[in-house]
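Close look at the chain arrangement
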Amino acid sequence: MSHLLILAAEEKENPLIPPIPELVIGLLAFVIVFGFLAWKLLPNINKVLEQRREAIEGGIEKAEAAQTEAQSVLEQYKAQLAEARHEAARLRQEAQEQGATLIAEMRAEGQRQRDEIVAAGHTQIDADRKAAAQSLRQDVGTLATDLAGKLVGESLEDHARQSRVIDRFLSELEEKAEAAR
């Protein structure tokens, strides 16, 4: 029977329902621990959460300020870039104009030098032609005098007479050449 009483006593106790004294002690311990945590720990937790919230809001404000500043700097950069491009285009245009002016000046200078060279060449040709004509005239006169002296049989060494004969002969040749034209 003692076995039966123990079994009966064990059957009365439900393992899912704790005994009342344990329940009261557990509840009292829970209230004490919860009160202590609420009194000491909860203000610290709230303070840390508030600091985090302020830091996050401050960070967002800083990020927005930084973004606004970055946008301002970007607009300034774009304005400077546009100004630099405009200045570069202006400089290119000036360089092209200067290049065209320089080319025109160089062409004019080349034309002037060419004209000088051509004029000098014509002057040289005229001088050479006159010198050749004079030399030819002397050579033809000398040959004519020698030939006339051989034909006549006497020497025509008198220079004054020789000069007159040669001039008269060449003048007649020139007149005939002009008449033939």
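Residues numbered from 1 in each chain as written. Predicted model: local features only at pLDDT ≥ 70, side-chain atom pairs only at ≥ 80, totals over all residues. Heavy atoms only, no water.

Quick notes on the pattern of salt bridges
Enumeration over the complete set of coordinates arrives at 8 salt bridges. Where R90 meets E94, a salt bridge forms, and the shortest distance between an N and an O atom there is 2.3 Å. In this pair, R90 and E94 both sit in helix α2 (residues 20-152), 4 residues apart, roughly one turn of the helix. Under the relative-accessibility criterion, R90 is labelled partly exposed at 34%. Given the relative accessible area of 32%, E94 is considered partly exposed. Of the charged contacts, one joins D115 and R114 as a salt bridge, the two residues approaching to 3.3 Å between their closest N and O atoms. Residue D115 is classed as partly exposed on the basis of its relative accessible area, which comes to 38%. Ionic contacts of the salt-bridge type, sharing partners, join the residues E50, R53 and E57 into one network. (Salt bridge = Lys/Arg side-chain N within 4 Å of Asp/Glu carboxyl O. Helix = DSSP H or I, 4+ residues; strand = E, 2+ residues; numbered from the N terminus. Buried < 20%, exposed > 50% of the residue type's maximum accessible area, 1.4 Å probe, protein only.)

Quick word on the layout of surface pockets
The calculated volume of the largest pocket comes to roughly 170 Å³. Of all the elements in the fold, those that place two or more residues in the lining of the largest pocket are α2 and α3 (159-180). Among the residues making up the lining of the largest pocket, the classes are represented as 5 nonpolar, 1 polar and 2 charged. (1 Å grid on protein atoms, 1.4 Å probe; cavity = no way out; pocket = protein on both sides within 12 Å on 5 of 7 lines; lining within 4 Å. Points joined across faces, edges and corners; volume = space filled by probe spheres on them. Nonpolar A, V, L, I, M, F, W, Y, C, P; charged D, E, K, R; others polar.)

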